[in-house]
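Results of the structural survey
Next come the chains, spelled out residue by residue.
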Amino acid sequence: MARWVVLAVAVAIALRAWEALESSLWLDELHTLSHASLPTLGAVIEHVRAEVVHQPLFFAVVHGLGGWEEGAALRVLPSVSSLFLFLPVIAFARAGGLGARGVALAAWLLACLPYQVHYATELRPYAWLAVFSAGAMWAAFAEQGSRVARLVLFFACVTAGILTHRIMEVVVVSIGIARLFVRSREMLPLAWLVGAGALAAAPEVPWLLAFAEKAVIDRSRYDASHGGFVLRRALVLEGLVLPMRLLAPFLGALGGGWGLLAKLAASVLFLVLGGGLFAAWRGRASSPSLAAPLRALGLAALACFALVFALAFYRWDRLPLQYFAPVAWILPVAIAVLAERWPLRSRAQFAGLVALSALALGIAQAGGRNMEDMRGAVAAAREFGSTRGEALYTGLMVQPSLFSHTLAYDAYGRELPRVDPDSVPRRGEPGFERPVILLRRGRIPLTDARWARLLEGRSIATEHKIDEYIVVFVLEPAP
């Protein structure tokens, strides 16, 4: 088993390094660099808290390591941090009574599954959120070791998790729900968990009350603007495919041969897992019951999934994949348990198909096309500008007002003369004659007031689509 686990860790490092080096930073990662590049730690904390939904711990550590100059190299922080997930995954697999093959399969899936590869390398807090969630669940559900040490670990993980992202509070509630239904003398008493969790979360109570009030007001306004409650078809489809996307989130976006490889591998994986679920359901009467730590882990995962699903739907009317990081790491353990319940005569073949398809998916994720190619967009903007004299570079981004619209140039084109769209010269002002290279991220229509200002006296000479999110425009003075 040890050799296979070491191999899994090596594969995890290789895939994460490949993904981190090959993929472009996207808008939210540019926001991380914008936070981190502020001059002082106090400024970072204030800027992050102004975003309302985020917490400062991860961004403060990134600030200590660098900013715009280091850029994508800072992905080493979440990538290395994500490797700590192997500890609770292996611990839960062993506590559940899985054999050497089951433990190795759980570690292998954590290394290879595309969701794990992608969010382990993204320069955002979600790798940390997964690690702290896993640590808190292990401390809460473990049945061995010093109780004091487990309580200290639980409190430390909850405190650090809440300072990383407020979704951690949902994780704490989910752990409490699981312990209500799973009784074990060896686990930490529920009262201890409630006390430690309440102590860690107490400073966030005023924010939670304000957030709940705003969520109700905003939802009421949203429903009123749409003529009452409307269940969007796109949201229904998003919800139906969500469990599969927690394994392989970007099948349709990888492009070319990588996309074909991912779709073939996903077809094999989902077909095999579907067969495993059917076999487990048919043999449920004769199957041994799960060990208490695994039962608690499963209940906590279901509770957390349901709570995050409901919160995301009610508050944002969408289901952001990254908010499910506290439960996605549990899927490798669940699949390993499923493999252990497959008939013995073909159990090795079942595990082998799962492992090979997961590896193919991980390779396709690391090698495939970027979801949002800011690097390619700046390269295209630079090429357009090089043939048009002294061009100005600007952008239009769908983002909070805290951030500049020239973030992509800050990351990939710091030598380019860049200005915010409000500072682009108007007709009659010095510099109006210069071409304007504009990078637009998001669906900002030409009827938007910012477009009206930019197009006053100008026309669109070139429109170049980079991907589904980004378009590069060349604006020149109209004849």
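**Digging into the overall build of the chain**
- Helices and strands together make up the secondary structure of the chain, namely 22 helices and 4 strands.
- Since a compact globule built from 479 residues should have a radius of gyration of about 23 Å, the 24 Å found for the chain is in line with a globular shape.
- Considered along the principal axes of its C-alpha atoms, the chain spans approximately 80 × 50 × 50 Å.
- A burial count over the chain gives 52% of its 479 residues as buried.
- Considering only intrachain contacts with a sequence separation of at least 6, the fraction spanning at least 24 residues in the chain is 78%.
- Per element, the accessible surface of the chain, about 21,300 Å² overall, is 65% carbon and sulfur.
- Averaging the coordinates of the 44 positive side-chain charges in the chain and doing the same for the 35 negative ones gives two points 12 Å apart.

**Overview of the packing of aromatic side chains**
- Considering all chains together, one arrives at 18 aromatic pairs under this definition.
- With a centroid separation of 6.4 Å and 50° between ring planes, the pair formed by Phe211 and Trp316 is classed as tilted. Residue Phe211 is located in helix H13 (residues 205-225), and its partner Trp316 is located in helix H16 (residues 292-316); the two are separated by 105 residues in the primary sequence.
- Using a relative accessible area of 25% as the deciding quantity, one classes Trp316 as partly exposed.
- On the basis of an interplanar angle of 45° and a centroid distance of 5.3 Å, the ring pair of Phe305 and Phe324 is categorised as tilted. Pair noted here: Phe305 is in helix H16 and Phe324 is in the loop between H16 and helix H17 (325-328), with a separation of 19 residues, a long-range link.
- Three or more aromatic residues link up through ring pairs in this structure, and these residues are Tyr126, Trp207, Phe211, Trp316 and Tyr323.
- One Lys or Arg, Arg147, reaches over the ring of Trp192 and ends 6.0 Å from the middle of that ring.
- When the ring centre of Tyr314 is taken as origin, the NZ or CZ atom of Arg219, which lies over that ring, is 5.8 Å away.

**Section: H13**
- Taking 1.5 Å of rise per residue, 21 residues should cover 30 Å, and H13 covers 30 Å from first to last C-alpha, within 8% of that figure.
- For H13, the complete set of buried residues consists of Trp207, Phe211, Ala215, Arg219 and Asp223. Buried positions in H13, seen along its axis, are confined to an arc of 115° and lie on one side of it. Along H13, exposed side chains directed more than 90 degrees from the buried face belong to Pro206, Leu209, Glu213, Arg221 and Ala224.
- Buried residues belonging to H13 abut H16.

**Description of empty space enclosed by the protein**
- With the rule as written, the count across this model stands at 2 cavities of 30 Å³ or more.
- Its volume calculated, the largest cavity comes out at about 100 Å³.
- Leu85, Gln116, Tyr119, Ala120 and Ala130 are the residues nearest the centre of the largest cavity, which is lined by 13 residues in total.
- Put simply, the parts of the chain that give the lining of the largest cavity at least two residues each are helix H8 (114-121), helix H9 (126-141) and H17.
- Per-element tally for the lining of the largest cavity: the top contributor is H8, with 4 residues.
- When grouped by side-chain class, the residues that make up the lining of the largest cavity number 10 nonpolar, 2 polar and 1 charged.
- Taken together, Pro114, Ala248, Pro249, Phe250, Leu251, Leu254, Ala262, Leu361 and Gln365 make up the lining of the second largest cavity.
- Grouping the amino acids of the lining of the second largest cavity by side-chain chemistry returns 8 nonpolar, 1 polar and no charged.

**Quick notes on the environment of Glu340**
- Here Glu340 shows up in helix H18 (residues 331-340).
- When the C-alpha positions of Glu340 and Gly102 are compared, they lie 6.4 Å apart, and in sequence the two are 238 residues distant.
- Discounting chain neighbours no more than four positions away, the residues touching Glu340 are Leu98, Gly99, Gly102 and Arg347.

**Things to note about the nonpolar core**
- Residues Met137, Phe141, Phe154, Ile175, Trp329 and Val354 are the most contacted members of the largest nonpolar core, which totals 101 residues.
- Within the second largest apolar cluster, 38 residues are counted, among which are Ala160, Ala381, Leu407 and Ile470.

Cut-offs applied
Residues numbered from 1 in each chain as written. Predicted model: local features only at pLDDT ≥ 70, side-chain atom pairs only at ≥ 80, totals over all residues. Heavy atoms only, no water. Helix = DSSP H or I, 4+ residues; strand = E, 2+ residues; numbered from the N terminus. Rg over C-alpha atoms; globule rule 2.2 N^0.38 Å. Buried < 20%, exposed > 50% of the residue type's maximum accessible area, 1.4 Å probe, protein only. Contact = heavy atoms within 4.5 Å. Areas by Shrake-Rupley, 256 points an atom, 1.4 Å probe, with all protein chains shown as cover. Lys, Arg positive; Asp, Glu negative; His and termini not counted. Charge placed at Lys NZ, Arg CZ, Asp CG, Glu CD. Phe/Tyr/Trp six-rings, centres within 6.5 Å; stacked < 30°, edge-to-face > 60°. Lys NZ or Arg CZ within 6 Å of the ring centre and 35° of its normal. Expected span 1.5 Å × (residues − 1). Arc of directions from axis to C-beta. 1 Å grid on protein atoms, 1.4 Å probe; cavity = no way out; pocket = protein on both sides within 12 Å on 5 of 7 lines; lining within 4 Å. Points joined across faces, edges and corners; volume = space filled by probe spheres on them. Nonpolar A, V, L, I, M, F, W, Y, C, P; charged D, E, K, R; others polar. Core = buried A, V, L, I, M, F, W, Y, C linked by side-chain atoms within 4.5 Å.

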